[in-house]
Amino acid sequence: MSLNVGPQHPSTHGVLRLVVDMDGEYVRKVVPHMGYLHTGFEKTMEHRTYQQNVTYAPRTDYLHSFSHELAYVLSVEKLLGAEVPERANVVRVILHELGRIHSHLVFVGTGLLDLGALTPLFFAFREKESVQDLFESVCGYRMNQGYFRVGGLYRDIPDDWPERVRGFLGKMEKGVDEYEALFAGNPIFLDRAKGVGIIPADVALDLGLTGPNLRASGVPLDHRKDNPYCGFEDYDFPVITKQNGDCLDRFIIRMDEIRQSVAIIRQALDKLRPGPVKDPNRKISLPPRQELETSMEAVIHHFKLVTEGFHPPVGEVYVPTESARGEVGYYVVSDGGSMPYRVKIRAPSFVNIQALEYACVGAQFADLITILATIDPVLGDVDR
């Protein structure tokens, strides 16, 4: 029997269609069909200026949108040779890790909901809303923020924001303990997750998996350590791995990563010092608005940047970052114009989802739901 699973939201985590060949209750083949959410971001970005594209990057992954924003601006900054101030880098780290927490909270809430557990969803979304409050107070948006800029940030953070973040971190640590008390020892959950959907390390590497899905199979790849950016080399944190590569490990590793992100954010808050948040180069960053009233040169720079944008030198770059789902990278080619000649997004969900068939074949249909939940694809990240 062949079954259609999807396309529907939210049971297949977005508009994903799976064609599943069944032999009784057992899965014999799974074919993912994508494209139902295709937005053409890559081609659209080739017809916008480099700074305008900051609007498109976060919409690729609406749960950890700061990861795509950051990967994109880091690539363009590498093209330009831009100098990002220290304060901007520290704020980027804080928001990047808050975004990871936000994504993992949705993962654990909706993943357990897929298995029939309703209560953890409300617990996880309690903290998720708090994270979005912090996002909103910084940039005015709860999702798809567009807060980073090539050369730094859109604007500085509010004065009371660091203390609000510290207050949230204490609540978050207690929250993770509550989630685990709800599900980690539950015999029904353990039957659904332990030993289910095993992906060995060699298979995970062959399939190109990254992020928690790879580290749950025992491979210690983390681009914050292996290809550090934004000063991550100065932060003290281990690469978290598990060994079994099953659904249980993929759940637990994300809980551990929430705790790790809390520790990284605390270190970043300790590093936060007053200072500028934009590259001082007026050919990259807009001049302060108050200067427009007194400086014709500032008006000229402002006019040129808004109407035309900057012109990176001819070249090509790729910068990988570590998102909640794995490696996010933007391959950007410049022909010297004000718009990128080519943009290619290395989106982790697109790669990770090809592990679905390997993990599901031979399992029961109910296991397919657990496996899909723990692979954690975001469909914007798949279709781009």
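Quick note: structure is the one above.
Owing to the predicted nature of the structure, the values given are computational and were not obtained by experimental measurement.

The rules behind these values
- Residues numbered from 1 in each chain as written.
- Predicted model: local features only at pLDDT ≥ 70, side-chain atom pairs only at ≥ 80, totals over all residues.
- Heavy atoms only, no water.
- Helix = DSSP H or I, 4+ residues; strand = E, 2+ residues; numbered from the N terminus.
- Rg over C-alpha atoms; globule rule 2.2 N^0.38 Å.
- Areas by Shrake-Rupley, 256 points an atom, 1.4 Å probe, with all protein chains shown as cover.
- Lys, Arg positive; Asp, Glu negative; His and termini not counted.
- Charge placed at Lys NZ, Arg CZ, Asp CG, Glu CD.
- Salt bridge = Lys/Arg side-chain N within 4 Å of Asp/Glu carboxyl O.
- Axes fitted to C-alpha atoms, helices over the stretch in contact; angles between N-to-C directions.
- Parallel < 35°, antiparallel > 145°, perpendicular 65-115°, else oblique.
- Left-handed = near helix turned anticlockwise from the far one by under 90°.
- Contact = heavy atoms within 4.5 Å.
- Nonpolar A, V, L, I, M, F, W, Y, C, P; charged D, E, K, R; others polar.
- Pairing = 2+ DSSP bridges.
- Expected span 1.5 Å × (residues − 1).
- Polar contact = N/O pair within 3.5 Å; in protein donor to acceptor, adjacent residues only side chain to side chain.
- Core = buried A, V, L, I, M, F, W, Y, C linked by side-chain atoms within 4.5 Å.
- Buried < 20%, exposed > 50% of the residue type's maximum accessible area, 1.4 Å probe, protein only.
- Phe/Tyr/Trp six-rings, centres within 6.5 Å; stacked < 30°, edge-to-face > 60°.
- Lys NZ or Arg CZ within 6 Å of the ring centre and 35° of its normal.

> Give a description of the overall build of the chain that names residues and reports values.
The secondary structure content of the chain amounts to 15 helices and eight strands. Taking 2.2 N^0.38 as the reference for a compact globule, 384 residues should give roughly 21 Å; the C-alpha atoms of the chain span a radius of gyration of 21 Å, in line with that estimate. Considering only C-alpha atoms, the chain reaches an extent of 75 × 45 × 35 Å along its principal axes. Total accessible area on the chain is roughly 15,800 Å²; 54% of this is exposed by carbon and sulfur atoms. Charged side chains of the chain number 41 positive and 51 negative; the gap between the two group centres comes to 3 Å.

> Just give me the short version of the pattern of salt bridges, but keep the residues and values in it.
Opposite charge on two side chains lets them pair, provided their charged atoms get close. Inspection of every chain in the model, using the stated rule, returns 29 salt bridges. Each of the salt bridges in this network shares a partner with another, and the network as a whole consists of Lys128, Glu129, Asp133, Glu136 and Arg142.

> Can you explain the packing of helix H3 (residues 86–114) against helix H4 (residues 119–139)? Please cite residues and give values.
Contact pair H3 / H4: the axes reach a minimum separation of 8 Å and the direction vectors enclose 160°. Classed by the angle they form, the pair H3 and H4 counts as roughly antiparallel. The handedness of the crossing between H3 and H4 comes out as left-handed. Between H3 and H4, the contacting residues are Leu95, Leu98, Gly99, Ile101, His102, Leu105, Val106, Val108, Gly109, Thr110, Leu112 and Leu113 on the first element and Pro120, Leu121, Ala124, Phe125, Glu127, Lys128, Val131, Gln132, Leu134 and Phe135 on the second. Each residue belonging to the contact of H3 with H4 can be placed in one class, and the counts come to 15 nonpolar, five polar and two charged.

> Summarise the sheet that holds strand S2 (residues 17–23); cite the residues concerned and give the values.
In spatial order, the strands read S1-S2-S3; together these three strands make up an open sheet with antiparallel pairing. Strands with a single pairing partner mark the edges of an open sheet, and in this sheet they are strand S1 (2–5) and strand S3 (26–33). Each neighbouring strand pair of the sheet contributes to a mean axis angle of 25°, computed without reference to strand direction. The sheet contact formed by S1 and S2 spans four bridges and is antiparallel. Note that in S2 the partner of Ser2 across the bridge is Asp21. Together, S1, S2 and S3 form the strand contacts of helix H14 (residues 365–375), whose direction differs from that of S2 by roughly 150°.

> So, unusual backbone geometry: which residues are in play, and what are the values?
Notably, Asn144 is not glycine yet its phi reads approximately 50°, a positive angle. Structurally, the position occupied by Asn144 is in the loop between H4 and strand S4 (148–149). Positive phi, close to 55°, is recorded for Cys230, a residue that is not glycine. With respect to the helices and strands, Cys230 occurs in the loop between helix H9 (223–226) and helix H10 (247–271).

> Tell me what's going on with helix H11 (residues 296–307), and back it up with residues and numbers.
The end-to-end C-alpha separation of H11 is 16 Å, in line with the 16 Å expected for 12 residues at 1.5 Å each. Between the side-chain oxygen at the start of H11 and the backbone nitrogen of Glu297 there is a gap of 3.4 Å, and the oxygen is on Ser295. Count one or two residues on from H11 and you reach Gly309, which has phi positive near 90°.

> Run through the sheet that holds strand S6 (residues 315–322), naming residues and quoting values.
Taken in spatial order, the three strands make up an open sheet running S6-S7-S8, and their pairing is antiparallel. Whereas interior strands pair on both sides, the edge strands pair on one side only; in this sheet they are S6 and strand S8 (342–346). When the angles between neighbouring strand axes are averaged without regard to direction, this sheet yields 10°. Sheet analysis places S6 next to strand S7 (residues 327–334), joined by eight bridges and oriented antiparallel. Within the sheet, the bridge partner assigned to Tyr318 lies in S7 and is Tyr331.

> I'd like to hear about the nonpolar core, residue by residue, with values.
Across soluble globular proteins, nonpolar side chains have a tendency to be buried as a group. Core analysis: the largest hydrophobic core is formed by 105 residues, its most contacted members being Leu98, Tyr147 and Tyr330. With near-sequence residues (within four places) excluded, Leu98 lies in contact with Val131, Leu134, Phe135, Trp161, Phe168 and Ile265.

> Please provide a residue-by-residue account of the environment of Glu291, values included.
Secondary-structure assignment places Glu291 in the loop between H10 and H11. Taking C-alpha positions, Glu291 is 40 Å from Glu327, a pair spaced 36 residues apart along the chain. Apart from residues lying up to four places away in sequence, Glu291 is in contact with Arg282 and Ala298.

> Break down the packing of aromatic side chains for me, citing the residues and quoting the values.
Applying the stated criterion to the full structure yields 13 aromatic pairs. A centroid spacing of 6.2 Å and a plane angle of 50° characterise the contact between Tyr147 and Phe148, whose relative ring orientation is tilted. In this pair, the class of Tyr147 matches that of Phe148, namely buried. When the ring of Phe232 is compared with that of Tyr235, the centres are 5.7 Å apart and the planes differ by 50°; the resulting orientation is tilted. One exposure class covers both Phe232 and Tyr235, and it is buried. Taken together, the ring pairs connect Phe66, Phe135, Tyr147 and Phe148 into an aromatic cluster. Of note, Arg92 hangs over the ring of Phe148, and the distance from its end group to the ring centre comes to 5.6 Å.

> Can you lay out H14 for me, pointing to particular residues and giving the numbers?
By the criterion of burial, H14 is predominantly enclosed, with eight of the 11 residues buried. Looking one or two residues beyond H14, the residue adopting positive phi is Asp376, at roughly 60°.

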